[in-house]
Amino acid sequence: MCTDCLDLSADEFASQSDFEEFEGKVWKKCNEGELIVVDEYKTEPESNLIFESRFCYRCSNCEEVWLLSIPKNAWRGFFLPKQQAIEYTNRLKDNDKKRTLGFWVVAAIVILIILWYLMS
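Predicted model, so just to flag it, every value in this text is computed and none were measured.

Parameters and conventions
Residues numbered from 1 in each chain as written. Predicted model: local features only at pLDDT ≥ 70, side-chain atom pairs only at ≥ 80, totals over all residues. Heavy atoms only, no water. Helix = DSSP H or I, 4+ residues; strand = E, 2+ residues; numbered from the N terminus. Buried < 20%, exposed > 50% of the residue type's maximum accessible area, 1.4 Å probe, protein only. Polar contact = N/O pair within 3.5 Å; in protein donor to acceptor, adjacent residues only side chain to side chain. Salt bridge = Lys/Arg side-chain N within 4 Å of Asp/Glu carboxyl O.

Trainee: How should the side chain of Ser-69 be read in this particular structure?
Mentor: With respect to the helices, strands and loops of the structure, Ser-69 is situated in strand 3 (residues 65-69). With a relative accessible area of 0%, Ser-69 lands in the buried category. A distance of 2.7 Å separates the side chain of Ser-69 from the side chain of Trp-75, its partner in a polar contact.

Trainee: Looking at this model, I keep getting lost on the pattern of salt bridges. Mind explaining?
Mentor: Pairing is possible between side chains that carry opposite charge, provided their charged atoms lie close to one another. Tallied over the full model, the rule gives four salt bridges. Between Glu-32 and Lys-28 there is a salt bridge, with the nearest N and O atoms lying 3.7 Å from each other. With a relative accessible area of 48%, Glu-32 lands in the partly exposed category. By relative accessible area, which is 53% here, Lys-28 ends up exposed.

Printed below as a string of structure tokens:
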């Protein structure tokens, strides 16, 4: 990463207006030639990215590939280097699996308590 692209990093966008302001900065950098729009995810269909709306950019200075995930409803989106984006989405998947497992464990305990109560 270089100073040209590092100042754009965003873990999430707090609101739609924040995203729109950020998007303006990205397009300004594209117009100035500092960022180049690339079609990276089509060249790597096996990529482990879970978000749908995304754009890929390459920094013309350091060649780092950045991914822009567009916020939609509760999803807050991000603008991260490709590897960090993959790690972030993997972490989200793991957290979802843990929540699902936790739900089923609690549901099983509640059912067992109800059955025990009904049988006694």
